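Fold and geometry: a report
Residues per chain are reported as follows:
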Amino acid sequence: MLPENILPQNAPLWRIARRIARKLGAIAALVLLGGLLSATLVRLAPGFDADERELDPGLNAESVRALRESRAGEHNILRFYAGYLRGAIHGDLGTSHALGQPVQSLLRERWPVTVRVAGIGLLLAWLLASALAFTACLWRLPAYEILGTSVSGAFLCIPAAVLALLSVVLNAPGYLAIALIVFPKIYRYSRNLLAKAYALPHIVAARARGLGEVRILVWHVLPVAGPQMIALAGITVSIALGASIPVESLCGLPGVGQLAWQAALSRDLPLLVNLTVLVTLVTLLANSGADVIIYMLRPRSMNAGMNAA
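Residues numbered from 1 in each chain as written. Predicted model: local features only at pLDDT ≥ 70, side-chain atom pairs only at ≥ 80, totals over all residues. Heavy atoms only, no water.

On to the packing of helix α6 (residues 160-169) against helix α9 (residues 213-251), then. Relative orientation and spacing of two packed helices are given, respectively, by the angle between their axes and the distance between those axes. Packing of α6 against α9 brings their axes to within 9 Å, and their N-to-C directions diverge by 35°. At the point where α6 passes α9, the crossing takes the right-handed sense. Counting all contacts with α6, which are made through Ala160, Ala161, Ala164, Leu165, Ser167 and Val168, the residues of α9 involved are Pro246, Val247, Leu250 and Cys251. In the contact of α6 with α9, the residues fall into 9 nonpolar, 1 polar and no charged. (Axes fitted to C-alpha atoms, helices over the stretch in contact; angles between N-to-C directions. Helix = DSSP H or I, 4+ residues; strand = E, 2+ residues; numbered from the N terminus. Left-handed = near helix turned anticlockwise from the far one by under 90°. Contact = heavy atoms within 4.5 Å. Nonpolar A, V, L, I, M, F, W, Y, C, P; charged D, E, K, R; others polar.)

A few words on unusual backbone geometry. Within the chain, asparagine 171 stands out as a residue other than glycine whose phi angle is a positive 55°. Structurally, asparagine 171 can be placed in the loop between α6 and α7 (174-198). Here asparagine 171 falls in the exposed class, since its relative accessible area comes to 69%. The residue arginine 267 is not glycine, and still its phi comes out positive at about 50°. (Buried < 20%, exposed > 50% of the residue type's maximum accessible area, 1.4 Å probe, protein only.)

The subject of this paragraph is a nonpolar patch on the surface. On the surface, Ile120, Leu123, Leu124, Leu127 and Leu176 cluster together into a nonpolar patch covering about 410 Å² of accessible area. It is helix α4 (residues 103-139) that contributes the most residues to the nonpolar patch, 4 residues altogether. You can see leucine 176 is positioned in helix α7. (Patch = residues over 30% accessible without salt bridge, like charges linked within 9 Å, V, L, I, M, F, W, Y side chains within 5 Å. Areas by Shrake-Rupley, 256 points an atom, 1.4 Å probe, with all protein chains shown as cover. Salt bridge = Lys/Arg side-chain N within 4 Å of Asp/Glu carboxyl O.)

What follows is about the nonpolar core. Membership of the largest hydrophobic core comes to 39 residues, with the highest contact counts inside it found for Ile178 and Val221. Taken together, the elements giving at least two residues each to this core come down to α4, α6, α7, α8 (201-208) and α9. If we ignore the near neighbours within four places in the chain, the residues touching isoleucine 178 are Val117, Ala118, Gly121, Ala240, Ala243, Ser244 and Val247. Core analysis: the second largest hydrophobic core is formed by 22 residues, Val31, Phe80, Val103 and Leu275 among them. (Core = buried A, V, L, I, M, F, W, Y, C linked by side-chain atoms within 4.5 Å.)

Printed below as a string of structure tokens:
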């Protein structure tokens, strides 16, 4: 056994390691389940057996038969998914029926576009929402709060496709549409969160003692609201990825969102399964990463708040 004086130093590291291991196991299970559910839903969707390529009058009977045989292995979902997993282990993600290209090369070509568009849009949304939320809490002007609530509520009511069309009409970049889609969700939650934090008794007492607003924000408000905002950051990653589908499709951006739209229209099972696995993996990693960061920063933030008090 280890000496007792060593346990308090090593125990937090072991707890973090166990938490990460549990998270990775849960992520793997959910990703596999998400891929299977996606394949099942696509297989049960109406018109799964229909292929637009069969309508080509230039195809003969043998070509039509070859097209149908190429999708014959997809009728048994369990057999198809087992074959997909075997191929994925060896680096083969299958071939897209609609585009006739390997799925791996399609994702490699289009993923950087989505990362850039969604990433810039998410960053702009956070900057705008955080600036409005913090200034509304610091200034505490009713007119300013009404303005921020009205603007965020207006963008919250506008569908994502309409904002994408407006970006096309106004010749605005696609990441601006994503920013406007994500912004109201961040603002409304962070505004309420900061308002509750500023209403806590020890923050009211710190303000009564004459402490500066910047010091109150850094040493008292952020330790309270920081964990929830980190969790919100993980959630907004999936929101930005979902918003990239209509934005990329309508703006003509060759990213993963446009690829997902094309795959859904053509009922491209290999491509849809890979996209579902990819989006599920990114979403779970973002949320789990936020949980781990919160777990690692929580003791420090609590100690900082106690020392500042």
